[in-house]
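Coordinate inspection notes
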2 protein chains.
Amino acid sequence: MPKPGSRLRLVDVAEAAGVSLATASRSLTGRDGVSEEVASRVRQVAASLGYVVNPYARTLAGGASSSVGLVVHQVDDPYFSEIAGGVIQVAGERGLMVQICHSGRDPDYELRQIRHLIAQRVGVIIIAGSGYDDPRTEASTKAELTAFQSLGGRVAVIGRHALGVDAVLPDNEAGGFALGAHLLSLGHRRLAVAAGTGALTTVTDRMAGVLRSLRSLGLDPSSLPVVHTDFTREGGCRATEQILRDHPETTAIIALNDAMAMGVLSVLRGLKISVPKKMSVVGFDDVSVAADLAPSLTTVRLPMTDMGRMALELALKPPSTRARRRSTGHTLVVRDSTGPPRR
Amino acid sequence: MPKPGSRLRLVDVAEAAGVSLATASRSLTGRDGVSEEVASRVRQVAASLGYVVNPYARTLAGGASSSVGLVVHQVDDPYFSEIAGGVIQVAGERGLMVQICHSGRDPDYELRQIRHLIAQRVGVIIIAGSGYDDPRTEASTKAELTAFQSLGGRVAVIGRHALGVDAVLPDNEAGGFALGAHLLSLGHRRLAVAAGTGALTTVTDRMAGVLRSLRSLGLDPSSLPVVHTDFTREGGCRATEQILRDHPETTAIIALNDAMAMGVLSVLRGLKISVPKKMSVVGFDDVSVAADLAPSLTTVRLPMTDMGRMALELALKPPSTRARRRSTGHTLVVRDSTGPPRR
DNA sequence: TTGAAAGCGCTAACAT
DNA sequence: ATGTTAGCGCTTTCAA
């Protein structure tokens, strides 16, 4: 790979403004020690010359690191690409680079990616994938991130992680409750859940909400069939096959994300089981295609783009002693995939 | 933003390996001037120590720039997120950062983004969005990129651009032909096209293929209704409304990308016009949800992830005098949205 | 409040 | 083939 092009340097700006290099630097970084008068003049000159700081030099010199590492399970999963969109927006506004990497839903691989980001000297790490119910790797990850933070790095996560860092918390439990309550209020009593791997906190939390909806009506949660498979479309397919085989009386399937719901719908379509006439189906996330499936999918909307924005904004705030939390809301979006049970 | 953490430096590796800094550097960058014996020992030591080069220092020192700028119309559009996935894979393999930015399908805004990437000193720029039939901005963009390249920067584009740089060329014309031929062979004679903005070369090329399919059967291409709207789902909706209003005899709609096809299907569903019984619909791209729409969408598959990989690989090759081109293939994927016309 | 100068960690001339 | 050293452009002590 080549060298980046040579350009205007800060010395050139300093010279044009008739100040020293140090003063120019202070003016542009917003550090104090410069009269506001001089500072604004320098900024003026810099802008008129079209000066853009060299992020490599700045970072090397010990200034702010100008890149943020974003860890997603997979970028070409709509849930994550929407989050990435939000992160990229904010980064763009602040002139930061975003380095995206995949975790593949594997805590060990994720830890390696995080180590790599740190080694690469990113200044901020955003972990957008779900947390894991795996104390061992969570502990290693936490140790790594704590060391990173003690050296000045910033971290924010999306989802419930046991990492002791700033977090954006999607409304998973409440969303799960809303989904269960919706189906119960339609009259369904034979529910089944197509759940992702139990090792993901996202799955656990959404599940908890579903169970609470049953209890709130005095129903026995232990009678609810829950099939744990991959948290993907393919997992949705397999879960559905199993549900149909082991629980043929089921009238509604709750998929714990939209990808799984797509798998559910696809299997039902293949078997010509009409939705919602013979089977109601709900998803979770409201990825943009959810409205275009046929039937269009009833689901819980999470503000993914905003979650991405919030996470980066949180990470860029001055650090606080205690980890901060921002909860998102959720919206139940009722579409055509749910209706009263056939009777 | 904080400083990145302090870590192992190349001197430490050099010391541990008992060689000089320069030798260590040469060993790790693969430069020659070191005996293969020493070089491999240094690499060994570096690996065992967990050394990772500081990209900021390396870039500043005039070595390879370690970041690639990726310009997409929008990351949370599945077409682009799949391409981004490919670029990220390759970048990950080579230890490069990927800086993604949005162009929003606006040539002027795109030019600004490119300028910004250059100012940020990326070493490689990948433009993944369609080219524009707009000589003015294409010329400005070309000038900018030429200057960038003359300073050592590398560029590759995906799609037909008039930029004189290495390019990955999606099989747009042939794909358009395949789509037209498929419908014609089913017996359709009343086609209509929901096309994106005529300003995009992607639209022009796909359209050309469709027209050729008509001519190949001796039909008159000028009688084909073509509605140009946004190259999005929303555009597909509006195009469909217009087609139904002005050309009610239409039996098949060709949408020039899957996003538009989703809009088409959605309007038809709303009007209870059955697909494919009363209307056949085809899309283009084969984004991953295409198979999950109902009816599942007949479309032309483009290898988006590979296109992303190829583009970055192309850009990372040693520069050549003439611009290189890599054509992709395409596959017609026939699903349930097409059938013979109602008679 | 401002300026001069010492690095940050690395690569690439320039020696040897 | 290997080592020595001068920067890359910036931030940040340290002096004034």
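Above this text is the structure in question.
Overview of the structure. Quick caveat: nothing in here was measured; it's all calculated off a predicted structure.

1. A look at the interface of chain A and chain B
Taken together, the contact pairs 57 residues of chain A with 57 residues of chain B. The contact between chain A and chain B buries some 5500 Å² in all, and 62% of this surface belongs to carbon and sulfur atoms. Counting across the chain A and chain B interface gives 2 salt bridges. As a salt-bridge pair, arginine 233 of chain A and aspartate 292 of chain B come within 2.5 Å of each other at their nearest N and O atoms. Along the contact surface separating chain A from chain B lie 8 residue pairs in polar contact (both at pLDDT 80 or more). Of all the secondary-structure elements, those providing two or more residues to the side of chain A that touches chain B are α4 (55–60), α5 (78–94), β2 (97–102), α6 (107–119) and α11 (258–270) of chain A. Here the residues of the side of chain A that touches chain B are counted per class, giving 28 nonpolar, 20 polar and 9 charged.

2. Quick word on the sheet that holds strand β6 (residues 191–195) of chain A
Residue and element names in this part refer to chain A. A sheet is described by the order of its strands in space; here 4 strands give the open sequence β7-β6-β8-β9, paired in parallel fashion. Whereas interior strands pair on both sides, the edge strands pair on one side only; in this sheet they are β7 (226–228) and β9 (280–282). Strand after strand, the sheet turns through a mean of 15° between neighbouring axes, direction not considered. Summarising the sheet, strand β8 (residues 252–255) and β9 pair through 3 bridges and their orientation is parallel.

3. Things to note about the sheet that holds strand β9 (residues 280–282) of chain B
Residues and elements named next belong to chain B. With parallel pairing, the 4 strands of this open sheet are ordered in space as β7-β6-β8-β9. Looking along the sheet, the strands with just one partner apiece sit at the ends: β7 (226–228) and β9. Averaged over neighbouring strand pairs, the angle between their axes works out to 15° when direction is ignored. Packed onto the sheet, helix α8 (residues 172–186) meets β6 (191–195), β8 (252–255) and β9 and runs at close to 165° relative to β9. Most of the contacts of helix α10 (residues 233–246) go to β6, to which it runs at about 150°, and overall it touches β6, β7 and β8.

4. A few points about the protein's contact with DNA strand C
Near DNA strand C, the surroundings consist of 27 residues, among which Arg26 and Gly33 of chain A together with Leu10, Tyr51 and Arg58 of chain B are the closest. Measuring from a phosphate oxygen of DNA strand C, one finds a backbone N or O atom of serine 35 of chain A at 2.9 Å. Secondary structure elements with two or more residues in the surface near DNA strand C: α2 (21–29) of chain A together with α2 (21–29) and α4 (55–60) of chain B. Ranked by the residues each element gives to the surface near DNA strand C, the list is headed by α2 of chain B, at 5 residues. Class assignment for the residues of the surface near DNA strand C results in 13 nonpolar, 9 polar and 5 charged.

5. Some remarks on the protein's contact with DNA strand D
The immediate surroundings of DNA strand D are formed by 27 residues, with Leu10, Tyr51 and Arg58 of chain A together with Arg26 and Gly33 of chain B found nearest. Leucine 10 of chain A is positioned with one of its backbone polar atoms (N or O) 2.4 Å from a phosphate oxygen of DNA strand D. Arginine 26 of chain B places a polar side-chain atom, nitrogen or oxygen, 2.7 Å from a base nitrogen of DNA strand D. Of all the secondary structure elements, the ones that give two or more residues to the surface near DNA strand D are α2 and α4 of chain A together with α2 of chain B. Per-element tally for the surface near DNA strand D: the top contributor is α2 of chain A, with 5 residues. Within the surface near DNA strand D, the residues separate by chemical class into 13 nonpolar, 9 polar and 5 charged.

6. What to know about the side chain of arginine 335 of chain B
All names here are of chain B. Looking at the secondary structure, you find arginine 335 in the segment after β12 (331–333). The buried category is assigned to arginine 335, whose relative accessible area is 17%. Within the structure, the side chain of arginine 335 is placed 3.1 Å from the side chain of aspartate 286, a separation counted as a polar contact. When sequence neighbours within four positions are dropped, the list of residues in contact with arginine 335 reads Asp286, Ala290, Ala291, Ser296, Leu297, Thr298, Thr299 and Arg301.

7. Overview of the relation of the copies chain A and chain B
Once turned by 180° and shifted 0.2 Å along the axis, chain A lies on chain B with an RMSD of 0.3 Å. Interpreted geometrically, this transformation is the action of a two-fold axis. Taken together, the interface assignments show that 100% of the residues at the interface of chain A recur at the interface of chain B, consistent with an identical surface on both copies.

8. A short note on the pairing of strand β4 (residues 154–158) of chain A
All names here are of chain A. Where burial is concerned, most of β4 is hidden: 5 out of the 5 residues are buried. Burial of β4 is two-sided: the residues Arg154, Ala156 and Ile158 facing one way and the residues Val155 and Val157 facing the other way are all buried. Two strands pair when backbone bridges link them, and strand β3 (residues 124–127) and β4 are joined in this way by 4 bridges, in the parallel orientation. The residue of β4 that forms the bridge with valine 124 is arginine 154. The parallel pair β3 and β4 is bridged by helix α7 (residues 135–150), and the resulting crossover is right-handed. The sheet contact formed by β4 and strand β5 (residues 166–169) spans 3 bridges and is parallel.

9. Focus: the packing of aromatic side chains
Summed over the entire model, instances satisfying the criterion amount to 3 aromatic pairs over all chains. Centroid distance tyrosine 56 of chain A to tyrosine 56 of chain B: 5.7 Å. Interplanar angle 45°. Geometry classified as tilted. In this pair, tyrosine 56 of chain A sits in helix α4 while tyrosine 56 of chain B sits in helix α4, so the two residues belong to two different chains. Owing to a relative accessible area of 0%, tyrosine 56 of chain A belongs among the buried residues under this scheme. Relative to phenylalanine 80 of chain A, the ring of tyrosine 79 of chain A lies with its centre 4.9 Å away and its plane at 85°, an arrangement referred to as edge-to-face. Directly above the ring of phenylalanine 284 of chain B sits arginine 206 of chain B, whose terminal nitrogen or CZ lies 3.8 Å from the centroid. Residue placement shows arginine 212 of chain B over the ring face of phenylalanine 177 of chain B; its charged tip is 4.1 Å from the ring centre.

Here is what the cut-offs are and how they apply
- Residues numbered from 1 in each chain as written.
- Chains lettered and ligands numbered in written order.
- Predicted model: local features only at pLDDT ≥ 70, side-chain atom pairs only at ≥ 80, totals over all residues.
- Heavy atoms only, no water.
- Contact = heavy atoms within 4.5 Å.
- Buried area = accessible area lost by both parts, 1.4 Å probe.
- Salt bridge = Lys/Arg side-chain N within 4 Å of Asp/Glu carboxyl O.
- Polar contact = N/O pair within 3.5 Å; in protein donor to acceptor, adjacent residues only side chain to side chain.
- Helix = DSSP H or I, 4+ residues; strand = E, 2+ residues; numbered from the N terminus.
- Nonpolar A, V, L, I, M, F, W, Y, C, P; charged D, E, K, R; others polar.
- Pairing = 2+ DSSP bridges.
- Axes fitted to C-alpha atoms, helices over the stretch in contact; angles between N-to-C directions.
- Near = heavy atom within 4 Å.
- Buried < 20%, exposed > 50% of the residue type's maximum accessible area, 1.4 Å probe, protein only.
- Least-squares fit on C-alpha atoms with pLDDT ≥ 70 in both.
- Right-handed = clockwise from strand over helix to strand, strands pointing away.
- Phe/Tyr/Trp six-rings, centres within 6.5 Å; stacked < 30°, edge-to-face > 60°.
- Lys NZ or Arg CZ within 6 Å of the ring centre and 35° of its normal.

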